[in-house]
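Chain residues, written in single-letter form:
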Amino acid sequence: MPRRCTTAWIVALLVGLAVSASPIAESPAAAAGVAGSPTASNNVTKWANIANAYSASDGAAAAAWNGASSCWNGFFWYTCASTSTVNFTTFGFDSSVPAGLTNLSATLELRTALTYLNLFASGAISMQAQVWNGSSWVNTGSSTYRNSYGAFNTYYTDSVTVTGLTSSQLSDSNFRVAVNGSSNGVGFGMLMDYVRVTVQDATAPTAGAVADGASTDVDWQTSTSSIQANWSGFSDSWPGIASYDYAIGTTAGGTQVKNWTSVGTATSVTASSLALSDGTTYFVSVRATDSDGNVSSVATSDGVTVDTTAPTPGTVNDGTTSDITWQNSTSTIQANWSGFSDATSGIASYDYAIGTTAGGTQVKNWTPVGTATSVTASSLALSDGTTYFVSVRATDTVGNTSTVATSNGVTVETTAPTPGTVNDGMGADIDWQSSTSTIQANWSGFSDATSGIASYDYAIGTTSGGTDISNWTSNAGATNVTNSSLGLADGTTYFVSVRANDTAGNTSTVATSNGVTVDTTAPTAGAVADGASTDVDWQTSTSSIQANWSGFSDSWPGIASYDYAIGTTAGGTQVKNWTSVGTATSVTASSLALSDGTTYFVSVRATDTAGNVSSVATSDGVTVDTTAPTPGTVNDGTTSDITWQNSTSTIQANWPGFSDATSGIASYDYAIGTHRRWHPSEELDAGRHSHQRDGELARAVRRDHLLRVGTRHRHRRKHQHRRNVQRSHRRRHRTHPRHRERRHGRRHRLADRGGIQRELVRVLRH
């Protein structure tokens with residue numbers, strides 16, 4: 001036994017000398033220089049010198065052993081038994097990992113040197129690194145180390161990674177090293193060189209937002225060779241973002257144009273030397289990678305569309321609405337435009353200019369107006385008679401500018417129209433009217449030699465030029481007006497005023513009518529008489545009626561005209577409707593168709609200068625009578641008929657039996673002769689042919705003629721008449737049907753009433 005101890009002591013001494021000569025690291029800085037030792041990385045790392053074999057006073061080493069049996073030989077700790085398990089004391093990780101993190105992982109690395117104490121023994125050692133996961137110790141796995149005689153200070157490394165940790169699990173006393181060994185000798189010894197713990201975050205960075213353009217987000221661009229983008233909002237709570245990658249595609253998240261490319265920690269990029277197409281939308285995608293290699297989800301921009309097409313120009317109008325040709329302002333020009341369009345990015349703004357030539361800028365240079373489609377340019381110095389043109393161009397969202405559209409020009413005119421003449425009424429000027437609700441007027445003579453008259457305004461007042469009845473009102477281009485919504489007073493005079501506006505907006509001086517006075521009193525009706533002068537009750541004409549009237553009056557302003565009508569009833573118009581005769585006070589209405597025995601009435605009404613109409617006055621009627629009286633008997637003497645008398649100077653006669661059933665007998669005519677007067681009972685033919693019907697007609701015609709002619713027929717003409725009648729009778733006798741005379745192949749007869757009448761009239765005329 002002493003021998004054995006002596007031998008062990010010698011071996012221990014030798015090993016101790018060998019160990020003391022080996023380059024054992026005592027600190028992280030020293031460990032970094034040891035061959036095969038790990039190097040620092042971006043991950044948070046904790047270095048710990050767990051055991052030191054050179055100093056028994058090392059507090060950490062003195063408390064390191066936790067085995068069934070341990071011995072100190074003056075140089076290092078070792079197991080006193082040939083088989084044992086050694087658990088190095090627990091140690092913590094004094095890290096800077098933020099509190100509250102989850103989804104962490106920790107990797108524990110061990111660097112150890114093993115020494116066998118029995119030079120003639122063999123054995124095996126299994127080492128585990130253990131991590132407390134919150135509920136139990138987790139082994140790193142096992143590694144078997146064999147050593148042989150003389151293999152002193154051979155170093156071995158073991159490691160384990162535990163996932164699903166939180167930052168609170170990285171605190172002190174959550175890590176330890178366990179060594180299991182066995183030998184066929186006295187025991188074994190172990191020297192811990194260092195322990196390194198590496199902590200990683202398994203949570204990927206949070207994705208942010210990507211904007212097209214260099215700063216603020218853009219939706220359109222003109223470039224076909226480059227794309228710009230910027231991003232923000234990407235974050236990683238620990239250990240932090242290490243780099244960004246970007247890609248460009250024609251779809252959201254696509255890489256058709258440019259594959260994923262790193263830009264380090266830059267938060268913007270300009271990708272050039274591209275081949276982009278007009279009208280195509282391109283998307284920039286970005287992803288972030290943190291220091292532990294975790295990659296965020298992809299954030300993509302909303303896209304930028306390439307637009308190289310300029311807007312389509314529209315139409316420019318002078319004025320505020322529809323296009324004008326003239327204006328009177330010398331300091332202001334107004335214009336509006338429409339029809340500009342851009343099918344791709346849309347119109348962003350307009351510029352306008354004013355010149356004395358189409359497209360010129362002599363008056364005002366190009367000036368932006370935003371998206372407004374009209375402009376009022378003031379504080380200008382325009383010249384009378386000069387034409388000015390407004391030009392407009394449109395710029396789309398990406399800066400493409402349209403061609404210039406120019407108005408057809410507006411000419412400055414400052415000369416007002418020449419005033420004309422205003423008449424009351426709708427035709428020639430009137431001085432009177434009867435209406436209390438309507439005023440009418442017409443005008444002429446207004447003129448404008450430059451731009452022409454565009455419209456008229458009118459006003460109505462009780463004084464010349466006044467507007468107290470109706471204020472100035474536009475009448476468009478009409479040269480007459482009727483205002484029917486007034487309240488006019490009887491006896492008041494009203495004046496209509498008119499002013500003309502030319503196309504340029506200049507207004508003439510005012511022209512006013514001489515006034516029209518309201519008269520609401522109608523004329524007083526008079527009396528109507530049938531006939532040309534005195535009143536008649538009967539007439540023989542069936543084609544005309546005469547009438548006259550008097551007593552119509554109008555104190556103010558006077559009668560202007562009369563109307564008459566004819567009817568079969570008092571006041572009726574069955575024969576002739578109301579017809580004006582001017583100021584005449586009699587009338588002869590001809591070309592009528594009157595009926596025998598019918599009474600006709602003539603009605604008359606008067607109209608004064610103001611248009612008031614009197615009540616109707618009607619005649620007492622005139623009756624048409626075309627039937628001659630029935631003849632009676634003529635007796636010589638004073639009573640009964642006598643045949644002889646002895647007076648040579650006097651003849652007496654009486655006649656009873658004459659009658660007229662219609663108008664009555666008005667007078668008789670008589671005549672005295674030496675031959676007997678033709679009598680109705682006399683036959684025209686003294687022979688065999690009486691022709692009774694024709695004889696009656698002939699007698700009637702003869703009788704009517706004699707009654708009318710009276711004493712104007714002389715004795716000689718009576719005899720001549722008788723002879724003519726006899727000759728006519730003989731001619732008819734020769735043409736009687738029993739004594740036909742064939743002439744020109746046809747039969748001649750004078751048996752009709754008309755023929756006999758015409759013959760008798762012809763005879764009587766001779």
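Predicted model, so just to flag it, every value in this text is computed and none were measured.

Caption draft 1: Quick peek at the sheet that holds strand β39 (residues 527-530). Taken together, the three strands give an open sheet; going across it, the order is β39-β41-β44, and neighbouring strands pair in antiparallel fashion. Every other strand in the sheet has two partners, leaving β39 and β44 (586-589) as the edge strands with one partner each. On average, each strand axis in the sheet is inclined to that of its neighbour by 20°, with strand direction left out of account.

Caption draft 2: Layout of the pattern of salt bridges. All told, the structure shown has four salt bridges when counted by the stated rule. A salt bridge links Asp-351 to Arg-393, with the nearest nitrogen and oxygen atoms 3.2 Å apart. In this pair, Asp-351 is assigned in strand β24 (residues 347-355) and Arg-393 in strand β27 (residues 387-396), connecting sequence segments 42 residues apart. Here Arg-393 falls in the partly exposed class, since its relative accessible area comes to 24%. Note that Asp-563 and Arg-605 form a salt bridge whose closest N and O atoms lie 3.2 Å from each other. Linking Asp-563 in strand β42 (residues 559-567) with Arg-605 in strand β45 (residues 599-608), this pair joins segments that are 42 residues apart in sequence.

Caption draft 3: Focus on unusual backbone geometry. Following Trp-238, the chain continues to Pro-239 via a peptide bond in cis, the omega torsion being 10°. Within the fold, Pro-239 resides in the loop between β14 (227-232) and β15 (241-249). The residue after Trp-556, namely Pro-557, is reached through a cis peptide bond having omega 10°. Here Pro-557 lies in the loop between β41 (545-550) and β42. Here Ser-273, not a glycine, exhibits a phi torsion of approximately 55°, which is positive. With respect to the element layout, Ser-273 can be found in the loop between β17 (268-271) and β18 (281-290). The exposure class of Ser-273 is exposed, given its relative accessible area of 73%. Of note, the phi angle at Ser-591 is positive, near 60°, even though the residue is not glycine. Its location among the elements puts Ser-591 in the loop between β44 and β45. Overall, Ser-591 belongs to the exposed group, its relative accessible area being 73%.

Thresholds applied
- Residues numbered from 1 in each chain as written.
- Predicted model: local features only at pLDDT ≥ 70, side-chain atom pairs only at ≥ 80, totals over all residues.
- Heavy atoms only, no water.
- Pairing = 2+ DSSP bridges.
- Helix = DSSP H or I, 4+ residues; strand = E, 2+ residues; numbered from the N terminus.
- Axes fitted to C-alpha atoms, helices over the stretch in contact; angles between N-to-C directions.
- Salt bridge = Lys/Arg side-chain N within 4 Å of Asp/Glu carboxyl O.
- Buried < 20%, exposed > 50% of the residue type's maximum accessible area, 1.4 Å probe, protein only.

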